[in-house]
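Overview (structure and organization)
Spelled out from the first residue to the last, the chains are:
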Amino acid sequence: MGKVMGAYCKAYYLKDMRKYKDWTENVENARDEKKEIDGEEIKEKRILTNESIVYLQENYVVTDDIYKEENILFNNVTDEWESFCKNELNFKIPTYDTPVIKNSSENEAIAHK
């Protein structure tokens, strides 16, 4: 199964997430980074700092990558957490207007008026 992207996520500095009073971090789920040591490429877990960019997904789970169900750092989603995200982080899932397409006979009638 491939990587799954959600419909919406927003990037934040980890320091902003850490302001939440019940914040916990699953550091073992941090994404791997490729490094080259003595000419060999190795993977190791990314070290998370206050300046690390993390992603708040549409389901209020925080991930260490843009993919919705991978590298989950925080998934203790409560009403209090959702409130923190909305009020402190200004997280809002955008609503997109779908364009109204009129049929061609209506367009022709409008054009001939």
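One can find the structure itself at the top, above this paragraph.
The present account deals with the structure reproduced in this document. (Residues numbered from 1 in each chain as written. Predicted model: local features only at pLDDT ≥ 70, side-chain atom pairs only at ≥ 80, totals over all residues. Heavy atoms only, no water.)

1. Some details on the overall build of the chain
Scanning the chain for helices and strands turns up three helices and six strands. For the chain, the N- to C-terminal ordering of α and β elements is β-α-β-β-β-β-β-α-α. In the chain, which comprises 113 residues, the proportion classed as buried is 24%. (Helix = DSSP H or I, 4+ residues; strand = E, 2+ residues; numbered from the N terminus. Buried < 20%, exposed > 50% of the residue type's maximum accessible area, 1.4 Å probe, protein only.)

2. Thoughts on the side chain of Asp16
Mapped onto the fold, Asp16 is located in helix H1 (residues 14–17). Residue classification places Asp16 among the buried residues on the basis of a relative accessible area of 18%.

3. Quick notes on helix H2 (residues 79–87)
Restricting attention to buried positions, one finds in H2 the residues Trp81, Phe84 and Cys85. Down the axis of H2, the buried set is contained in an arc of 95°. They therefore lie on one face. Those residues of H2 that are exposed and aimed more than 90 degrees away from the buried face are Asp79 and Asn87. (Arc of directions from axis to C-beta.)

4. Considerations on the sheet that holds strand S5 (residues 62–63)
The antiparallel open sheet is built from four strands, whose spatial order is S1-S4-S5-S6. Both outer strands of the open sheet, strand S1 (9–13) and strand S6 (72–74), are each paired with one neighbouring strand and no more. Of the pairings in the sheet, the one linking strand S4 (residues 53–57) to S5 comprises two bridges and is antiparallel in character. Looking at the pairing, Tyr55 lines up with Thr63 of S5. (Pairing = 2+ DSSP bridges.)

5. Examining the nonpolar core
Membership of the largest hydrophobic core comes to 18 residues, with the highest contact counts inside it found for Met17, Trp23, Leu56, Val62, Trp81, Cys85 and Leu89. Taken together, the elements giving at least two residues each to this core come down to H1, S4, S6 and H2. When residues in this core are grouped by element, the largest group, three residues, is from H2. Beyond its immediate sequence surroundings of up to four residues, Met17 is in contact with Tyr12, Trp23, Val54, Leu56, Val62, Trp81, Phe84 and Leu89. (Core = buried A, V, L, I, M, F, W, Y, C linked by side-chain atoms within 4.5 Å. Contact = heavy atoms within 4.5 Å.)

6. Brief notes about the pairing of strand S3 (residues 40–45)
The buried fraction of S3 is low, at zero of six residues. As paired strands, strand S2 (residues 32–37) and S3 are joined by six bridges and run antiparallel to one another. Looking across to S3, one finds that Asp32 is bridged to Lys45. Counting the residues between successive antiparallel strands, the hairpin from S2 to S3 contains two residues, one of them, Asp38, with a positive phi of roughly 50°.

7. Let's talk about the packing of aromatic side chains
Per the stated rule, a full pass over the model turns up nine aromatic pairs. Arranged with centres 5.9 Å apart and planes meeting at 40°, the rings of Tyr8 and Phe91 form a pair that is tilted. Here Tyr8 is found in the segment before S1, whereas its partner Phe91 is found in the loop between H2 and helix H3 (104–111), with 83 residues between them in sequence. Aromatic pair Trp23 and Trp81: ring centres 5.8 Å apart, planes at 40°, arrangement tilted. Placement of Trp23 in the loop between H1 and S2 and of Trp81 in helix H2 is noted, with a sequence separation of 58 residues between them. Note on accessibility: Trp23 and Trp81 belong to one class, buried. Taken together through their ring pairs, the aromatic side chains of Tyr20, Trp23, Phe74, Trp81 and Phe84 make up a single cluster. A cation sits over an aromatic face here: Lys15 above Tyr13, 5.1 Å from the ring centre. (Phe/Tyr/Trp six-rings, centres within 6.5 Å; stacked < 30°, edge-to-face > 60°. Lys NZ or Arg CZ within 6 Å of the ring centre and 35° of its normal.)

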